[in-house]
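Coordinates in review
Single-letter residue listing:
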Amino acid sequence: MSTTNCSRRPTISAANGSTPAGLNGSSQTHSALQTFRGFAHQRSEIAPPPADLALVNSEELIEEILRRLGEDPAREGLQQTPARIVRSWKEIYGGYKQRAEEILVTQFCAGQYDEMVLLRDVEFYSTCEHHMLPFYGKAHIAYLPKNKIVGLSKLARLLDMHARRLQVQERLTQAVATDLQRILQPRGVAVMIEGKHQCMCCRGVRKKEGTMVTSCLLGAFKENVATRSEFLALAKE
Ligand SMILES: [Zn+2]
């Protein structure tokens with residue numbers, strides 16, 4: 001698609017006066033696009049939509065994309081597709097609505113335990129921000145407690161929160177590690193992620209076997225060779 005096409009105004013008409021079906025299911029009359037942006041980022045610095053898109057709801061925008069692909073959005077198989085996509089995005093991008101502080105709010109006393117805690121082989125599904133195609137795989141998340149521990153499921157939830165945003169695997173890995181270090185303040189955190197990227201399988205170089213491995217080591221895992229080796233050995237088992 002050329003730059004000209006990208007910047008061209010869409011042919012859809014603004015749904016003036018109607019109640020847009022925004023991603024958050026709001027029945028208010030503000031624009032669905034604004035609703036989507038608010039849902040996606042909840043940051044005030046994000047620019048408002050162009051004036052002629054302000055009242056177009058998310059489903060209409062997806063219908064227009066289908067038209068530009070060469071499809072007829074009115075044909076039977078596609079009639080409910082925009083609504084389905086909007087519903088699925090609420091789940092796939094649900095991480096924008098969550099905060100790590102809320103996920104890790106419940107912490108328990110570690111007592112005398114100060115050895116490594118490792119959640120291994122936990123699966124994740126995320127979306128690459130460059131192509132909006134899935135990448136997925138497994139993660140290994142470890143920390144060395146200092147006074148406090150958290151439920152194992154909370155580590156998986158923290159991973160899911162970041163995975164359910166547009167990502168690159170490098171940032172996903174780092175975000176999980178730094179949130180855990182910042183909030184729980186253990187002696188160290190180690191995160192390793194192994195991911196398969198659809199944008200490399202179905203387009204571009206079209207290689208489906210490659211796995212991308214990323215890691216982030218903080219505190220004792222970075223400073224202490226024995227600790228790091230123990231994590232790597234356990235993660236590979
Ligand atoms: Zn990609």
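Our subject in this report is the structure included herewith. As the structure is a computational prediction, the values presented were derived from the model and not from experiment.

For any two helices packed against each other, the geometry is given by the interaxial angle and the distance between the axes. Look at helix H6 (residues 152-163) against helix H7 (residues 169-184): their axes get within 9 Å of each other, and the N-to-C directions meet at 135°. Taken together, the axis directions place H6 and H7 in an arrangement best described as oblique. H6 and H7 meet at a crossing whose hand is right-handed. Across the interface between the two elements, Leu 158, Leu 159, His 162 and Ala 163 from H6 touch Leu 172, Ala 175, Val 176, Asp 179 and Leu 180 from H7. Of the residues contributing to the contact of H6 with H7, the split by class is seven nonpolar, one polar and one charged.

What follows is about the nonpolar core. Counting 32 residues, the largest nonpolar core has Leu 158, Leu 159, Val 176, Val 189, Ala 190 and Val 191 as its most contacted members. Looking at this core, the elements with two or more residues in it are helix H5 (100-103), strand S3 (134-144), H6, H7, strand S6 (188-197), strand S7 (212-219), helix H9 (220-223) and helix H10 (225-236). When residues in this core are grouped by element, the largest group, six residues, is from H7. In this structure Leu 159 touches Val 122, Phe 124, Ala 139, Ile 141 and Val 176, once residues within four positions along its chain are discounted.

Below, the discussion takes up the pairing of strand S2 (residues 117-128). Bridge count for S2 against S3 is nine bridges, and the pairing is antiparallel. Residue pairing across strands places Leu 118 opposite Ala 142, the latter belonging to S3. The antiparallel hairpin formed by S2 and S3 contains five residues in its connecting segment, where Met 132 sits at a positive phi of about 50°. Note that S2 and strand S5 (residues 166-167) share two bridges and pair parallel. By the bridge assignment for S5, Thr 127 is matched with Leu 166.

About the cut-offs
- Residues numbered from 1 in each chain as written.
- Predicted model: local features only at pLDDT ≥ 70, side-chain atom pairs only at ≥ 80, totals over all residues.
- Axes fitted to C-alpha atoms, helices over the stretch in contact; angles between N-to-C directions.
- Helix = DSSP H or I, 4+ residues; strand = E, 2+ residues; numbered from the N terminus.
- Parallel < 35°, antiparallel > 145°, perpendicular 65-115°, else oblique.
- Left-handed = near helix turned anticlockwise from the far one by under 90°.
- Contact = placed C-beta atoms within 7 Å.
- Nonpolar A, V, L, I, M, F, W, Y, C, P; charged D, E, K, R; others polar.
- Core = buried A, V, L, I, M, F, W, Y, C linked by C-beta atoms within 7 Å.
- Buried ≥ 20, exposed ≤ 12 C-beta atoms within 10 Å, placed from the backbone.
- Pairing = 2+ DSSP bridges.

Scope: geometric values only; no functional claims are made or implied.
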